[in-house]
Amino acid sequence: MSVAQPAEAAQDTVLATVAEMIRDILGGEDLAELEIDMDTRFGDDLELESIDMVSLSESLEAHYGDRVNFAAFVAEMELDEIISLTVGRLVDYVVASLRAVEES
């Protein structure tokens, strides 16, 4: 049996948190079974709209405080990157942001 490394454990935890935030934003009764993984795309797979992304930003801020700046993360992207943004890329950003705060 493999023991999860700290980075993997953090990634799994952040993925679970972000997936729950997305389910809350999308609402509906059938979303508990909605599979959200690292390859899930916000646009094509989840069909999140810009207002949903604002809600996600607010959820991230409420949960992580100023340690994670979603607006700054997205502001550095080109439009095609935003359109193809995956949950995994966001999760990796959150994990890196949390580590940077811990190391400072």
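For clarity, every value in this text was computed on a predicted model and none was experimentally measured.

1. Quick notes on the overall build of the chain
Helix and strand counts for the chain come out as 5 helices and 0 strands. For the chain, the sequential pattern of α-helices and β-strands runs α-α-α-α-α. Counting only residues that meet the buried cut, the chain has 32% of its 104 residues in that class. Only carbon and sulfur atoms are counted for the fraction: they give 49% of the accessible area of the chain, which is about 6,700 Å².

2. Concerning the side chain of threonine 40
Relative to the elements of secondary structure, threonine 40 occurs in the loop between helix 1 (6-26) and helix 2 (50-64). On the accessibility criterion, threonine 40 (7% relative accessible area) is buried. Polar contacts involving the side chain of threonine 40 include one to the main-chain amide nitrogen of aspartate 37, which spans 2.9 Å. Ignoring any residue separated from it by four or fewer positions in sequence, one finds threonine 40 in contact with Glu35, Asp45, Leu46, Leu85, Thr86 and Val87.

3. Re the packing of helix 2 against helix 5 (residues 87-103)
Angle between the axes and distance between the axes are the two parameters that describe a pair of packed helices. Viewed as axis vectors pointing N to C, helix 2 and helix 5 meet at an angle of 30°, and their least axial separation amounts to 13 Å. Considering their axes alone, helix 2 and helix 5 lie roughly parallel with respect to each other. Two packed elements cross with a definite hand, and for helix 2 against helix 5 that hand is right-handed. The segment helix 2 lies against helix 5, with Leu56, Leu60 and Tyr64 engaging Leu90, Val94 and Leu98. Each residue belonging to the contact of helix 2 with helix 5 can be placed in one class, and the counts come to 6 nonpolar, no polar and no charged.

4. Side note on the confidence of the model for the chain
Taken over all residues, the pLDDT of the chain has a mean of 88, while the share at 70 or more is 87%. The spread of mean pLDDT over the elements of the chain runs between helix 1, the lowest at 88, and helix 2, the highest at 95. Segment residues 1-5: pLDDT under 50, and 1 contact once partners within four positions in sequence are set aside and those in other chains are kept.

5. Some points on the packing of aromatic side chains
The geometry of an aromatic ring pair is captured by the separation of the ring centres together with the interplanar angle, meaning the angle of the planes. For the structure shown, the criterion picks out 2 aromatic pairs. Three or more aromatic residues joined by ring pairs form one cluster here, namely Phe70, Phe73 and Tyr93.

6. Here we look at the environment of alanine 10
Tracing the sequence through the fold places alanine 10 in helix 1. Note on alanine 10: relative accessible area 28%, which makes it partly exposed. Each C-alpha atom of the pair alanine 10 and valine 91 lies 9.4 Å from the other, and the pair is 81 residues apart in sequence. Those residues in contact with alanine 10, other than ones at most four positions away along the chain, are Val95 and Arg99.

7. As for the pattern of salt bridges
Summed over all chains, the structure comprises 3 salt bridges. In this structure, aspartate 44 and arginine 41 form a salt bridge, with 3.6 Å as the shortest nitrogen-oxygen distance. On the basis of relative accessibility, which here comes to 33%, the residue arginine 41 falls in the partly exposed class. Residue aspartate 45 is joined to arginine 41 by a salt bridge in which the shortest nitrogen-to-oxygen separation is 3.1 Å. Aspartate 45 sits in the partly exposed class, given a relative accessible area of 41%. Linked through salt bridges whose partners overlap, the residues forming this network are Arg41, Asp44 and Asp45.

Quick notes on the rules
- Residues numbered from 1 in each chain as written.
- Predicted model: local features only at pLDDT ≥ 70, side-chain atom pairs only at ≥ 80, totals over all residues.
- Heavy atoms only, no water.
- Helix = DSSP H or I, 4+ residues; strand = E, 2+ residues; numbered from the N terminus.
- Buried < 20%, exposed > 50% of the residue type's maximum accessible area, 1.4 Å probe, protein only.
- Areas by Shrake-Rupley, 256 points an atom, 1.4 Å probe, with all protein chains shown as cover.
- Polar contact = N/O pair within 3.5 Å; in protein donor to acceptor, adjacent residues only side chain to side chain.
- Contact = heavy atoms within 4.5 Å.
- Axes fitted to C-alpha atoms, helices over the stretch in contact; angles between N-to-C directions.
- Parallel < 35°, antiparallel > 145°, perpendicular 65-115°, else oblique.
- Left-handed = near helix turned anticlockwise from the far one by under 90°.
- Nonpolar A, V, L, I, M, F, W, Y, C, P; charged D, E, K, R; others polar.
- pLDDT = per-residue confidence, 0-100.
- Phe/Tyr/Trp six-rings, centres within 6.5 Å; stacked < 30°, edge-to-face > 60°.
- Salt bridge = Lys/Arg side-chain N within 4 Å of Asp/Glu carboxyl O.

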